[in-house]
Amino acid sequence: MSLSRFSAAVAAVLLFTTAVHAHVTLENQQAAAGSTYKAVLRIGHGCEGSPTIRIRVRMPEGVVAVKPQPKPGWELTTTVGKLTQPYDAGHGRTLTEGVTEVSWAGGKLPDEHYDEFVIRMQLPRQPGTLWFPIVQDCEKGVHRWIEIPAAGKSMDDYKEPAARLTVTPPAP
Amino acid sequence: MLRFLLIVACVLAAFLPAGGPAWAHAILVDTQPADGASLSVAPSEIVLRFNEPVSPVALRVLDAGGGDRAAALPRSQDNEIRLALPALPDGGYIVSWRVVSADSHPIGGGFVFTIGTGASPGAYTPDDARREAAWTAFVIADRLILYIALMFASGGTLFSFFVLRPLRVEVAAFATWRRRAAVLALAAAILAIGLKGGQLGALPASGLIDPAAWTLGLATSTARSAAIIVAGLLLLLVAARAGRARAWLEAGGALVALAGLSATGHAATGARWLQALAVLHALCAGFWLGAFWPLLRLMPAHPAAMLAAARRFSSLAMPAVLVLAASGVIMALTRLGEWSDLVVSAYGQLLLCKLLFVGPLLIVAAANRWQATPAFVAGRHHASSDLARNVRLEIALGFLVLALTALLAHTPPPGVAIDHDHARAMTGHTVWASQRNRTLLLEVTPAAPGANAVTARFATEAGETLAPLEARVSFARPEAGIEPITRPLARGADGVFRLERIDLNLPGAWNVRVEALIDDFERAAFETEIPLSAATRPR
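Residues numbered from 1 in each chain as written. Chains lettered and ligands numbered in written order. Predicted model: local features only at pLDDT ≥ 70, side-chain atom pairs only at ≥ 80, totals over all residues.

1. Describing the overall build of chain B
Okay, step 1: Secondary structure assignment for chain B yields twelve helices and 17 strands.
Okay, step 2: Burial statistics for chain B: of 539 residues in total, 43% are counted as buried.
Okay, step 3: Residue pairs in contact within chain B that sit at least 24 positions apart in sequence constitute 68% of those at least 6 positions apart. (Helix = DSSP H or I, 4+ residues; strand = E, 2+ residues; numbered from the N terminus. Buried ≥ 20, exposed ≤ 12 C-beta atoms within 10 Å, placed from the backbone. Contact = placed C-beta atoms within 7 Å.)

2. Examining the overall build of chain A
Okay, step 1: When its secondary structure is counted, chain A shows one helix and twelve strands.
Okay, step 2: Reading the secondary structure of chain A in the N-to-C direction produces α-β-β-β-β-β-β-β-β-β-β-β-β.
Okay, step 3: Within chain A, the fraction of its 172 residues that count as buried is 30%.
Okay, step 4: Put simply, 68% of the contacts in chain A that link residues at least 6 apart link residues at least 24 apart.

3. Here we look at the pairing of strand β13 (residues 470-477) of chain B
All names here are of chain B.
Okay, step 1: Relative to strand β16 (residues 508-519), β13 runs antiparallel, the two being bridged by seven bridges. Across the sheet, the residue bridging to Val473 is Val514, located in β16.
Okay, step 2: As paired elements, β13 and strand β14 (residues 482-491) share six bridges and run antiparallel to each other. Paired with Ser474 across the strands is Thr486, a residue of β14.
Okay, step 3: From the end of β13 to the start of β14, which pair antiparallel, there are four residues, and Gly481 there has a positive phi angle of about 75°. (Pairing = 2+ DSSP bridges.)

4. Digging into the confidence of the model for chain A
Residues and elements named next belong to chain A.
Okay, step 1: On average, residues of chain A carry a pLDDT of 85, and 88% of them reach 70 or more.
Okay, step 2: Of all the helices and strands in chain A, helix α1 (residues 3-20) carries the lowest mean pLDDT, 46, while strand β4 (residues 52-58) carries the highest, 96.
Okay, step 3: Here residues 10-21 is modelled with pLDDT under 50, and outside its nearest four sequence neighbours on either side it reaches 19 contacts, counting other chains as well. (pLDDT = per-residue confidence, 0-100.)

5. Focus: the sheet that holds strand β5 (residues 64-68) of chain A
Residue and element names in this part refer to chain A.
Okay, step 1: If you trace the four strands from one edge of the open sheet to the other, you get β1-β3-β8-β5, paired in antiparallel fashion. In the strand order of this sheet, the two ends are held by β1 (25-26) and β5, each with one partner.
Okay, step 2: In the sheet, strand β3 (residues 36-43) pairs with strand β8 (residues 115-122) via eight bridges, with the strands oriented antiparallel. Counterpart to Leu41 in the pairing with β8 is Phe117.

6. Observations concerning the packing of helix α7 (residues 272-301) of chain B against helix α11 (residues 383-409) of chain B
Each pair of packed helices can be summarised by the angle the axes make with each other and by the distance between the axes.
All names here are of chain B.
Okay, step 1: Where α7 meets α11, the closest approach of the two axes is 10 Å, and the angle between their N-to-C directions is 150°. Looking at the two axes, α7 sits roughly antiparallel to α11. Regarding α7 and α11, the two cross each other, and that crossing is left-handed. Packed against α7, whose contacting residues are Leu289, Phe292, Trp293, Leu295, Leu296 and Met299, the element α11 presents Ser384, Ala388, Val391, Arg392, Glu394, Ile395 and Gly398 at the interface.
Okay, step 2: Looking at side-chain class alone, the contact of α7 with α11 contains nine nonpolar, two polar and two charged residues. (Axes fitted to C-alpha atoms, helices over the stretch in contact; angles between N-to-C directions. Parallel < 35°, antiparallel > 145°, perpendicular 65-115°, else oblique. Left-handed = near helix turned anticlockwise from the far one by under 90°. Nonpolar A, V, L, I, M, F, W, Y, C, P; charged D, E, K, R; others polar.)

7. Regarding helix α10 (residues 346-377) of chain B
Residues and elements named next belong to chain B.
Okay, step 1: Between its terminal C-alpha atoms α10 stretches 44 Å, which fits the 46 Å expected from 32 residues at 1.5 Å a residue.
Okay, step 2: Here α10 has its buried residues at Tyr347, Gly348, Leu351, Lys354, Val358, Leu361, Val364, Asn368, Ala372, Thr373 and Phe376.
Okay, step 3: Its buried side turned inward, α10 meets α8 (303-335), α9 (341-344) and α11.
Okay, step 4: Positioned one or two residues after α10, Gly379 has a phi angle of 75°, which is positive. (Expected span 1.5 Å × (residues − 1).)

8. Notes on the packing of helix α6 (residues 246-260) of chain B against α7(B)
Residue and element names in this part refer to chain B.
Okay, step 1: Between α6 and α7, the shortest axis-to-axis distance is 8 Å and the interhelical angle comes to 125°. One way to sum up the angle between α6 and α7 is to call them oblique. In the packing of α6 onto α7, the handedness of the crossing is right-handed. Taking contact as the criterion, the partners of Leu255, Leu258 and Ala259 in α6 are, on α7, Val279, Ala282, Leu283 and Gly286.
Okay, step 2: Class assignment of the residues belonging to the contact of α6 with α7 gives a composition of six nonpolar, one polar and no charged.

9. Here's the deal with the nonpolar core
All names here are of chain B.
Okay, step 1: Ranked by size, the top nonpolar core spans 76 residues in total, and within it Ala149, Leu150, Ala153, Ala185, Leu258 and Trp288 carry the most contacts.
Okay, step 2: Only α2 (126-164), α3 (172-201), α5 (221-238), α6, α7, α8, α10 and α11 provide two or more residues apiece to this core.
Okay, step 3: With 16 residues, the top contributor of residues to this core is α7.
Okay, step 4: Not counting residues up to four positions away in its chain, the partners in contact with Ala149 are Ala181, Leu184, Ala185 and Ala188.
Okay, step 5: Formed by 56 residues, the second largest nonpolar core is a distinct cluster that contains Tyr93, Val95, Ala213 and Ala447. (Core = buried A, V, L, I, M, F, W, Y, C linked by C-beta atoms within 7 Å.)

10. What to know about the environment of B:Thr215
Okay, step 1: With respect to the helices and strands, the residue B:Thr215 is situated in helix α4 (residues 211-218).
Okay, step 2: When the C-alpha atoms of B:Thr215 and B:Ala480 are compared, they prove to be 9.4 Å apart, with 265 residues separating the residues in sequence.

11. Let's talk about the confidence of the model for chain B
All names here are of chain B.
Okay, step 1: Taken over all residues, the pLDDT of chain B has a mean of 81, while the share at 70 or more is 87%.
Okay, step 2: The secondary structure element of chain B with the lowest average pLDDT is helix α12 (residues 420-425), at 37, and the one with the highest is β13, at 92.
Okay, step 3: Confidence drops under a pLDDT of 50 for residues 415-426, and excluding neighbours within four residues, the segment shows 31 contacts in the predicted structure.
Okay, step 4: As scored by the predictor, the complex reaches a pTM of 0.52 and an ipTM of 0.76.

12. Description of unusual backbone geometry
Okay, step 1: With an omega of -5°, the peptide bond running from B:Gln32 to B:Pro33 counts as cis.
Okay, step 2: Mapped onto the elements of the fold, B:Pro33 is located in the loop between β1 (28-32) and β2 (37-39).
Okay, step 3: Even without being a glycine, A:Glu48 presents a positive backbone phi close to 45°.
Okay, step 4: Tracing the backbone through its elements, the reader meets A:Glu48 in the loop between β3 and β4.
Okay, step 5: Despite not being glycine, B:Arg168 has its phi angle at roughly 60°, a positive value.
Okay, step 6: Inspection of the secondary structure puts B:Arg168 in the loop between α2 and α3.

13. Let's talk about the sheet that holds strand β3 (residues 45-50) of chain B
All names here are of chain B.
Okay, step 1: Read across the open sheet, the four strands follow the order β1-β3-β6-β5; overall the sheet is antiparallel. Each of the sheet's edge strands pairs with one partner strand only, and the pair in question is β1 and β5 (75-77). With direction set aside, neighbouring strand axes in the sheet form an average angle of 15°.

Next comes the structure, spelled out in structure tokens:
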């Protein structure tokens, strides 16, 4: 790697980490296609001082075998819907329905505190970028982390971008 | 440059508090005067209050003529930016701001206020309507000249490339004709920009020498289209000196110029696949119609070449005409919501007229394909004069079809599959924009400088009404340095979103962006362009 490319990479990383840590993001933002992935959603603040009382996530297309982790003090519910592409669950079973939305409600996460919400899932076999739109309901106000950057734009161009996961080609 | 970036990033990282601010970007909290305020006395200053300290980049106060009234430099103190104002006369003003927040992220926006209670400066007068009608006539005439010149220039080039070149035939006279037509098309394309500006501003007859007309015109899609056409034609003209690659460059320029036609008009605001269809339509029309004249000229002068050319053209024209007809039908269907629109709306009536000439044109073409051309190739008696007569008929019909196409390009279509009665009754400017599989029907009334009302209807592509949770609209003029002026749209009981009033005092084409929260997890953004013309277009 040449010096200029190295500096560009470092600059990008620095700018990236300083600019986005106010957003809701995933702890691991890269995973291999087809792998089982543990999504850890990091909630760093409420809505302008108001505590968070509900977190809702919509699953991107192609994500299957979705299992959210229960959380003490929060009521966990899931919405089951039709999958865009049926998937082979093994043992000769083909599933056409699956979890499309996950919600943790009824808790109270003050603005000053930090918490994580966990969902395990199986990633699609094709590499690419997955966007997890997240709605953060607070006692007063709401943050919709649902903006998906248009072509040629980055997450930093948006006020409330969705959480991004880069799906890399499967390990050989 | 890259090392500089690295240093900037390090400095930024060092200065940001470790935990980071709760918000990455600054937010405008309020303004004085407030957005949409009607003041009886001119304000002495403008105040913008943010949630965190910011530094101003640009702050402009534009009057109805587009002139910047900001005489001093803005001062920033704590979370506020202040701008002292000179004594402002009565009228409407647009304030546009752009600031940099602590994280070095630039943000911008705009708001409006009016002073005094007098009539809106851009009020509609019958004189304006007459002037605009005159400009519209010139716009349409210029468009027709552009079509015809492009058929000769681009169509003729494609005929040479696809038909004559494989036969190793070259006719010097054709090259001269093409050059002249290209120069005419070039002039018509550029003139279209000024004419469009004159139409939007309803300027007096001397408008073409008024720079205002050209500034207004340059901000429209007409200018984008003209730029593409001019680029294609210049390539076509310059290619004549290019030696070996000449034929390929000429054909490339011809294709670019034809494709440029669909960068404006109804096609430019549709979905991607519709835009692609419009390009295809223009290319096939250019190839087919552009061949008539060279064929006619070839007949008496080069009988031997004509034999081979007629046979070759006949086989190439067939798929071109099929694509032309199919793309035309599909585009017409997307613009007409119901069959009754064919009869009821002006657009539908013009479309029927066009079909009235397209039909016979196709019949003559079919007669040529299966009768006149085989007879000519077989060398039958009278076949040559029959074919020549048919081609002359095709040229006449083609001219009428192009004239109606130019008229159609300046007639608003009856709208998408949403509430047709309403669409027909509307008096302002109506556009529809699409994003993925959703459409927005946006109405701005009266689409004149001054107070305007906005109505937005959302639907799926299948025509079912969509009821987003919330929606907002923003108006911007990037070329005039006006940042987006954003307003929420109120949702009515009928599922229609409305904004009672927004004061936009500058004539010309405004970029409009509508954002709708389709459901909890999805926001759709539609972008389109609305011309605010000094005279509203009575229907």
